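Single-letter residue listing:
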Amino acid sequence: MLAFLPYNETVVIYKQGEVDNWGIKAPSQRLTLPCYIREVRDSERVESINGSVQTLTYTVVFEGNVDVRIGDYIEVDGEKYRIKNRRPIKDLDRNIISTKVAI
(Lines give C-alpha, C1' and ligand atoms only; values in the text may rest on other atoms or scores of the structure.)
Protein backbone atom coordinates (compact mmCIF):
# COMPACT_ATOMS: atom_id res chain seq x y z
CA MET A 1 0.00 0.00 0.00
CA LEU A 2 1.23 3.50 -0.83
CA ALA A 3 1.81 5.63 2.26
CA PHE A 4 0.24 9.08 2.22
CA LEU A 5 2.62 10.47 4.87
CA PRO A 6 6.39 10.04 5.29
CA TYR A 7 6.97 7.90 8.38
CA ASN A 8 10.61 8.93 8.76
CA GLU A 9 10.67 9.76 12.50
CA THR A 10 10.54 7.42 15.47
CA VAL A 11 9.02 7.74 18.93
CA VAL A 12 9.07 5.58 22.03
CA ILE A 13 5.68 4.54 23.42
CA TYR A 14 5.36 3.62 27.10
CA LYS A 15 2.24 1.52 27.53
CA GLN A 16 0.87 1.45 31.04
CA GLY A 17 0.63 -1.94 32.66
CA GLU A 18 -2.81 -3.32 33.46
CA VAL A 19 -4.00 -4.76 36.73
CA ASP A 20 -4.65 -8.52 36.72
CA ASN A 21 -7.37 -10.42 38.64
CA TRP A 22 -5.22 -10.45 41.77
CA GLY A 23 -4.70 -6.67 41.74
CA ILE A 24 -1.06 -6.90 40.76
CA LYS A 25 0.02 -4.30 38.23
CA ALA A 26 1.84 -5.72 35.21
CA PRO A 27 5.05 -3.98 34.15
CA SER A 28 4.77 -1.34 31.46
CA GLN A 29 5.88 -2.06 27.89
CA ARG A 30 8.22 0.06 25.79
CA LEU A 31 7.76 0.16 22.00
CA THR A 32 9.74 2.06 19.35
CA LEU A 33 7.68 2.81 16.23
CA PRO A 34 8.14 4.84 13.03
CA CYS A 35 5.72 7.74 12.67
CA TYR A 36 4.99 11.19 11.26
CA ILE A 37 5.12 14.09 13.76
CA ARG A 38 3.58 17.54 13.34
CA GLU A 39 4.39 20.18 15.93
CA VAL A 40 1.78 22.83 16.74
CA ARG A 41 2.46 25.94 18.81
CA ASP A 42 -0.65 27.53 20.23
CA SER A 43 -1.44 30.39 22.57
CA GLU A 44 -3.91 29.20 25.13
CA ARG A 45 -5.75 31.42 27.59
CA VAL A 46 -4.98 30.32 31.13
CA GLU A 47 -6.31 31.97 34.28
CA SER A 48 -3.14 33.48 35.72
CA ILE A 49 -1.42 36.79 36.25
CA ASN A 50 0.35 36.63 32.87
CA GLY A 51 -2.87 35.98 30.91
CA SER A 52 -1.89 33.62 28.09
CA VAL A 53 0.63 30.83 27.86
CA GLN A 54 2.15 29.40 24.68
CA THR A 55 1.68 25.64 24.65
CA LEU A 56 3.37 23.05 22.48
CA THR A 57 1.34 20.11 21.23
CA TYR A 58 2.15 17.32 18.81
CA THR A 59 0.09 15.31 16.36
CA VAL A 60 1.63 11.88 15.81
CA VAL A 61 0.46 9.60 12.97
CA PHE A 62 1.35 5.89 12.91
CA GLU A 63 0.93 3.57 9.94
CA GLY A 64 -1.83 1.01 10.44
CA ASN A 65 -3.72 0.18 13.61
CA VAL A 66 -1.41 0.78 16.57
CA ASP A 67 -2.47 -0.39 20.02
CA VAL A 68 -2.07 2.82 22.03
CA ARG A 69 -4.58 4.13 24.54
CA ILE A 70 -5.42 7.41 26.15
CA GLY A 71 -3.17 7.64 29.20
CA ASP A 72 -0.12 5.97 27.63
CA TYR A 73 3.02 8.07 27.24
CA ILE A 74 4.97 8.98 24.10
CA GLU A 75 8.55 10.23 24.19
CA VAL A 76 9.27 12.97 21.62
CA ASP A 77 12.65 14.73 21.55
CA GLY A 78 13.59 13.31 24.96
CA GLU A 79 10.39 14.44 26.74
CA LYS A 80 7.44 12.28 27.74
CA TYR A 81 3.92 13.41 26.84
CA ARG A 82 0.61 11.82 27.79
CA ILE A 83 -1.80 10.78 25.02
CA LYS A 84 -4.89 13.00 25.08
CA ASN A 85 -6.77 11.75 22.02
CA ARG A 86 -6.61 8.73 19.69
CA ARG A 87 -8.44 8.43 16.37
CA PRO A 88 -8.11 5.75 13.66
CA ILE A 89 -8.10 7.02 10.06
CA LYS A 90 -10.04 4.74 7.71
CA ASP A 91 -10.30 4.43 3.92
CA LEU A 92 -13.49 4.01 1.92
CA ASP A 93 -13.65 0.28 2.70
CA ARG A 94 -13.51 1.09 6.44
CA ASN A 95 -10.02 -0.43 6.78
CA ILE A 96 -7.75 1.36 9.23
CA ILE A 97 -4.83 2.85 7.31
CA SER A 98 -3.29 4.92 10.13
CA THR A 99 -3.71 5.92 13.75
CA LYS A 100 -3.68 9.62 14.69
CA VAL A 101 -2.71 10.56 18.25
CA ALA A 102 -2.76 13.99 19.92
CA ILE A 103 -0.37 14.69 22.77
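Since the structure is predicted, the reported quantities are computational estimates derived from the model, not experimental observations.

## As for the overall build of the protein chain
Then step 1. Counting its secondary structure elements, the protein chain contains zero helices and seven strands.
Then step 2. When the helices and strands of the protein chain are read in sequence order from the N terminus, they spell out β-β-β-β-β-β-β.
Then step 3. Residue burial in the protein chain is summarised as follows: out of 103 residues, 28% are buried.
Then step 4. Sequence-distant contacts, at least 24 apart, represent 45% of the contacts inside the protein chain between residues at least 6 apart.
Then step 5. Accessible area of the protein chain: about 7600 Å², with a carbon and sulfur share of 48%.

## What about the pattern of salt bridges?
Pairing between side chains becomes possible if they bear opposite charge and their charged atoms approach one another.
Then step 1. Taken as a whole and assessed by the stated rule, the structure comprises two salt bridges.
Then step 2. Note that Asp67 and Lys15 form a salt bridge whose closest N and O atoms lie 3.7 Å from each other. Of this pair, Asp67 sits in the loop between strand E3 (52-63) and strand E4 (73-76) while Lys15 sits in strand E1 (residues 9-15), placing them 52 residues apart in sequence.
Then step 3. Because the salt bridges share partners, they merge into one network encompassing Lys15, Asp67 and Asp72.

## A closer look at the layout of surface pockets
Then step 1. Taken as a whole, the largest pocket encloses approximately 160 Å³ of empty space.
Then step 2. If you trace the largest pocket, you find it lined by Lys15, Gln16, Gly17, Glu18, Ala26, Pro27, Ser28, Gln29, Arg69 and Asp72.
Then step 3. The residue inventory of the lining of the largest pocket, partitioned by class, reads two nonpolar, four polar and four charged.

## A closer look at the side chain of Thr59
Then step 1. Within the secondary structure layout, Thr59 lies in strand E3.
Then step 2. The residues touching Thr59, leaving out its near neighbours within four places in the chain, are Tyr36, Ile37, Arg38, Lys100 and Val101.

## Re unusual backbone geometry
Then step 1. Unlike most non-glycine residues, Asp77 shows phi in positive territory, near 55°.
Then step 2. Positive phi is not limited to glycine here, since Arg94 has a value of about 70°.

## Some remarks on the side chain of Asp72
Then step 1. With respect to the helices and strands, Asp72 occurs in the loop between E3 and E4.
Then step 2. A relative accessible area of 4% places Asp72 in the buried class.
Then step 3. There is a polar contact of 3.0 Å between the side chain of Asp72 and the backbone nitrogen of Arg69.
Then step 4. Beyond its immediate stretch of four places on either side in the chain, Asp72 contacts Tyr14, Lys15, Gln16, Tyr81, Arg82 and Ile83.

## Notes on the nonpolar core
Then step 1. Judged by nonpolar contacts, the single largest core of 15 residues is most densely connected at Val11, Phe62, Ile74, Val76 and Ile103.
Then step 2. Those elements that place two or more of their residues in this core are E1, strand E2 (29-45), E3 and E4.
Then step 3. At three residues, E3 tops the list of elements feeding residues into this core.
Then step 4. Residue contacts for Val11: discarding those within four places in its chain leaves Leu31, Thr32, Leu33, Cys35, Ile37, Phe62, Ile74, Glu75 and Val76.

About the criteria used
- Residues numbered from 1 in each chain as written.
- Predicted model: local features only at pLDDT ≥ 70, side-chain atom pairs only at ≥ 80, totals over all residues.
- Heavy atoms only, no water.
- Helix = DSSP H or I, 4+ residues; strand = E, 2+ residues; numbered from the N terminus.
- Buried < 20%, exposed > 50% of the residue type's maximum accessible area, 1.4 Å probe, protein only.
- Contact = heavy atoms within 4.5 Å.
- Areas by Shrake-Rupley, 256 points an atom, 1.4 Å probe, with all protein chains shown as cover.
- Salt bridge = Lys/Arg side-chain N within 4 Å of Asp/Glu carboxyl O.
- 1 Å grid on protein atoms, 1.4 Å probe; cavity = no way out; pocket = protein on both sides within 12 Å on 5 of 7 lines; lining within 4 Å.
- Points joined across faces, edges and corners; volume = space filled by probe spheres on them.
- Nonpolar A, V, L, I, M, F, W, Y, C, P; charged D, E, K, R; others polar.
- Polar contact = N/O pair within 3.5 Å; in protein donor to acceptor, adjacent residues only side chain to side chain.
- Core = buried A, V, L, I, M, F, W, Y, C linked by side-chain atoms within 4.5 Å.

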